[in-house]
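Each chain is listed here by its residues.
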4 protein chains.
Amino acid sequence: MSTTPGADGQAVIPRQVVNRLRRVEGQVRGITRMVEQDAYCIDVLTQVSAASRALQGVALLLLDEHMHHCLADASRAGEAIQAAKIREASEAITRLVRSS
Amino acid sequence: MSTTPGADGQAVIPRQVVNRLRRVEGQVRGITRMVEQDAYCIDVLTQVSAASRALQGVALLLLDEHMHHCLADASRAGEAIQAAKIREASEAITRLVRSS
Amino acid sequence: MSTTPGADGQAVIPRQVVNRLRRVEGQVRGITRMVEQDAYCIDVLTQVSAASRALQGVALLLLDEHMHHCLADASRAGEAIQAAKIREASEAITRLVRSS
Amino acid sequence: MSTTPGADGQAVIPRQVVNRLRRVEGQVRGITRMVEQDAYCIDVLTQVSAASRALQGVALLLLDEHMHHCLADASRAGEAIQAAKIREASEAITRLVRSS
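Each chain carries its own residue numbering, running from 1 in the direction its sequence is written. Each chain gets a letter, beginning with A, and each ligand a number, beginning with 1, in the order they are written. Two thresholds apply to this predicted model, a pLDDT of at least 70 for residue-level local features and 80 or more for giving and counting side-chain atom pairs, whereas whole-chain, interface and lining totals are computed over all residues. Side-chain descriptors were evaluated using all non-hydrogen atoms of the structure, hydrogens and water having been removed beforehand.

Student: Please clarify how the overall build of chain A should be interpreted in this entry.
Tutor: Within chain A, the regular secondary structure consists of 3 helices and 0 strands. Order of helices (α) and strands (β) in chain A, N terminus to C terminus: α-α-α. Burial classification: accessible surface area is computed with a 1.4 Å probe over protein chains only, and a residue below 20% of its type maximum counts as buried, one above 50% as exposed, and the rest as partly exposed. Looking at chain A residue by residue over its 100 residues, the buried ones come to 52%. For this analysis, residues touch if any pair of their heavy atoms sits within 4.5 Å. A sequence separation of at least 24 residues applies to 47% of the contacts in chain A between residues at least 6 apart. Accessible surface area values rest on a Shrake-Rupley calculation with a 1.4 Å probe, where residue burial reflects the displayed protein chains alone. In the structure as shown, chain A presents an accessible area of about 4300 Å², 50% of it carried by carbon and sulfur atoms. Going along the chain from the N terminus, every DSSP run of H or I of four or more residues is numbered as a helix, and every run of E of two or more is numbered as a strand.

Student: So what exactly am I meant to see when it comes to helix α3 (residues 79-99) of chain C here?
Tutor: The periodicity of an α-helix, 3.6 residues per turn, causes residues three or four places apart in sequence to face the same way. What a helix is expected to span follows from its residue count: subtract one and scale by 1.5 Å. An ideal rise of 1.5 Å per residue puts 30 Å on 21 residues; α3 of chain C measures up with 30 Å between its terminal C-alpha atoms. Taken together, the buried positions of α3 of chain C are occupied by Gln-82, Ile-86, Ala-89, Ser-90, Ala-92, Ile-93, Leu-96, Val-97 and Ser-99 of chain C. Close packing links the buried residues of α3 of chain C with α2 (41-75) and α3 (79-99) of chain B, α2 (41-75) of chain C together with α2 (41-75) of chain D.

Student: Could you clarify how one ought to interpret the relation of the copies chain A and chain D in this entry?
Tutor: Both copies of the chain are related by a screw-like operation: a rotation about an axis and a shift along it. Superposing chain A onto chain D takes a rotation of 180° combined with a translation of 0.0 Å along the rotation axis, leaving an RMSD of 0.0 Å. What the rotation and shift describe, once combined, is the action of a two-fold rotation axis. With an isologous cut-off of 70% or more, the 100% of interface residues of chain A that recur at the interface of chain D puts this contact in the isologous class. Copy-to-copy superposition: least squares on the C-alpha atoms, limited to residues that have pLDDT of at least 70 in both copies.

Student: Please explain the interface of chain A and chain D as it appears in this structure.
Tutor: How big an interface is tends to be stated in terms of accessible area lost as the parts join. Contact with chain A, which involves 25 residues of that partner, is made by 25 residues of chain D. Summed over both partners, the accessible area (1.4 Å probe) lost when two parts come together is defined as the buried area. Between chain A and chain D lies a buried interface of about 2100 Å² when both sides are counted; carbon and sulfur atoms form 61% of it. Area buried by chain A at its contact with chain D is led by Met-67, Val-97 and Arg-98 of chain A, which between them contribute 27% of it. A pair is scored as a salt bridge if a Lys or Arg side-chain nitrogen falls within 4 Å of a carboxyl oxygen belonging to Asp or Glu. In this structure, the salt-bridge partner of Arg-76 of chain D is Glu-79 of chain A, at a minimum N-O distance of 3.4 Å. Contacts described as polar in this section are N or O atom pairs within 3.5 Å, which, within protein, must combine one atom able to donate a hydrogen with one able to accept it, while residues neighboring in sequence count only if both atoms come from side chains. Seen at the junction of chain A and chain D, the total is 6 residue pairs in polar contact (both at pLDDT 80 or more).

Student: Explain the side chain of Thr-32 of chain A to me, please; I cannot follow it from the model alone.
Tutor: Along the chain, Thr-32 of chain A falls in helix α1 (residues 12-36). In terms of polar contacts, Thr-32 of chain A uses its side chain to reach the backbone carbonyl oxygen of Val-28 of chain A, at 2.9 Å. Thr-32 of chain A has contacts with Val-18, Leu-21, Arg-22 and Glu-25 of chain B, leaving out every residue within four places of it along the chain.

Student: Could you clarify how one ought to interpret the relation of the copies chain A and chain B in this entry?
Tutor: Here chain A sits on chain B after a turn of 180° about the axis and a move of 0.0 Å along it, with an RMSD of 0.0 Å. Interface overlap between copies: 100% of the residues of chain A at the interface are likewise at the interface in chain B, consistent with a symmetric, same-surface contact.

Student: Please clarify how the packing of α2 of chain C against α3 of chain C should be interpreted in this entry.
Tutor: Each pair of packed helices can be described by the angle between their axes along with the distance between the axes. Residues and elements named next belong to chain C. As a packed pair, α2 and α3 sit with axes 9 Å apart at the nearest point and diverge in direction by 170°. The orientation of α2 relative to α3 falls into the category roughly antiparallel. Contact residues: α2 offers Ala-59, Leu-60, Leu-63, His-66, Leu-71, Ala-74 and Ser-75, while α3 offers Ile-81, Gln-82, Lys-85, Ile-86, Glu-88, Ala-89, Ile-93 and Leu-96. Counted by class, the contact of α2 with α3 contains 10 nonpolar, 3 polar and 2 charged residues. Axis lines are fitted through C-alpha atoms, for helices just across the contact stretch, and the angle between N-to-C directions can take any value from 0 to 180 degrees. Oblique is the label for any angle not under 35 degrees, not over 145, and not in the 65 to 115 range, which are roughly parallel, roughly antiparallel and roughly perpendicular in turn. Classification convention: Asp, Glu, Lys, Arg as charged; Ala, Val, Leu, Ile, Met, Phe, Trp, Tyr, Cys, Pro as nonpolar; all other residues, Gly among them, as polar.

Student: So what exactly am I meant to see when it comes to the confidence of the model for chain A here?
Tutor: Keep in mind that low pLDDT regions are not for reading the predicted coordinates in detail. Residue and element names in this part refer to chain A. Per-residue confidence from the prediction method is given by pLDDT, with values spanning 0 to 100. Of the residues in chain A, 89% have a pLDDT of 70 or more, and the chain-wide mean is 88. Predicted confidence in chain A is weakest over helix α3 (residues 79-99), with a mean pLDDT of 91, and strongest over α1, with 95. Confidence estimates for the predicted assembly give a pTM of 0.87 and an ipTM of 0.87.

Student: Would you take a moment to explain the environment of Arg-23 of chain C for this structure?
Tutor: On the secondary structure map, Arg-23 of chain C appears in helix α1 (residues 12-36). In this structure the C-alpha to C-alpha distance between Arg-23 of chain C and Leu-55 of chain C, which are 32 residues apart in sequence, comes to 9.6 Å.

Student: What should I look at first to understand the pattern of salt bridges in this one?
Tutor: In a structure, side chains of opposite charge can pair up when their charged atoms sit close to one another. Under the defined criterion, the tally for this structure stands at 24 salt bridges over all chains. Across the pair Glu-25 of chain A and Arg-29 of chain B runs a salt bridge whose closest N-O atoms are separated by 3.0 Å. On the criterion of chain membership, the pair formed by Glu-25 of chain A in helix α1 and Arg-29 of chain B in helix α1 (residues 12-36) is interchain, its members lying in two chains. A residue is classified by how much of its surface remains accessible, and Glu-25 of chain A, at 8% relative accessible area, is buried. By sharing partners, the salt bridges in this structure join Glu-25 and Arg-29 of chain A together with Glu-25 and Arg-29 of chain B into a single network.

Student: What is the right way to look at the side chain of Gln-56 of chain C in this model?
Tutor: Positionally, Gln-56 of chain C belongs in helix α2. The exposure class of Gln-56 of chain C is buried, given its relative accessible area of 2%.

Student: I would appreciate a short explanation of the interface of chain A and chain B in the present structure.
Tutor: On the side of chain B, 44 residues touch chain A, which itself brings 44 residues to the contact. Both sides of the chain A and chain B interface together cover about 4000 Å² of buried area, and 68% of this is carbon and sulfur. The tally of links from chain A across to chain B stands at 4 salt bridges. In this assembly, chain A and chain B are joined by 14 residue pairs in polar contact (both at pLDDT 80 or more). Looking at the side of chain A that touches chain B element by element, the count peaks at 17 residues for helix α2 (residues 41-75) of chain A. Counted by class, the side of chain A that touches chain B contains 25 nonpolar, 9 polar and 10 charged residues.

Have a look at this one:
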């Protein structure tokens, strides 16, 4: 997932992905607390839907990033490698669509 | 979310929901680590799809639980309350389907 | 799916569902024509996403309708019947969420 | 969507897509008939879920096809065109994931 590095040398996209994942982790922890404190089911469900949507956003960001970098690189590595990379990305998209 | 209590007095379903949510939280933390360690995008995406599916499972369990308990209770509280509860559940289902 | 009948005696909701389904059918036929005329893949995909969303809307309308009528009726038929109806609805929601 | 042509000169993938779309169209028409004949909501919903899943399958097939052909071609057309094509595919994936 190498991308344009920011000022401190860490790639910009991974940092953004990490931040979003930490937020999702916090959301899930908050939902656990709600269930432990016997919160109303519908309120819990609303938060689960929000966390799902956030996780979906991370997946789409990762995929976009992957396509712009890895697929573009693969196209310079010859047709066989490119075909293999495209198959791999296509299978990841199928898993994502099926899971969401 | 009151349900049949287990031996120690804590309801069985919330405990199962809490366990599943803790597992999702661990999955998300693992994904964060993968991104920080610059894991291959496709492997990260596979884990995000798995976490999404697990979160969807929690939502379906909560909804099933809600319908069996809260909706059933509401039906004993009179038609107006029942109609309001059904509207509320129906809206939660819409949010869930739209987010997944 | 019996609902409040409109002026001509046909229930309002089924008529709305039928209209929406006919529109989805037309969308799918339009997509077939696009593919036959070798339209650009991305344009075809955009129409498939729109048809999917329309079909999802029909499902949510049917489910809402079902919950307001069949579940409400079931609650007057005794606890065992109500529990069976709720289980059935809950399974339908699972199939819907998993398919969408 | 040009692909390896079959014996009669028509590309293999589009023909497969057209066949699947015709089947989805038939499914949707069948669902309309069920609603008109006042079929049980849950049975209607089961068929809607099946049609949704079939439509999702068409989308994934189209996308896979697009990536193997259009993206691969784009990579031979220079970096700017490739980047534009990848952006376009990525946006189509987002619409697909959001609609499903």
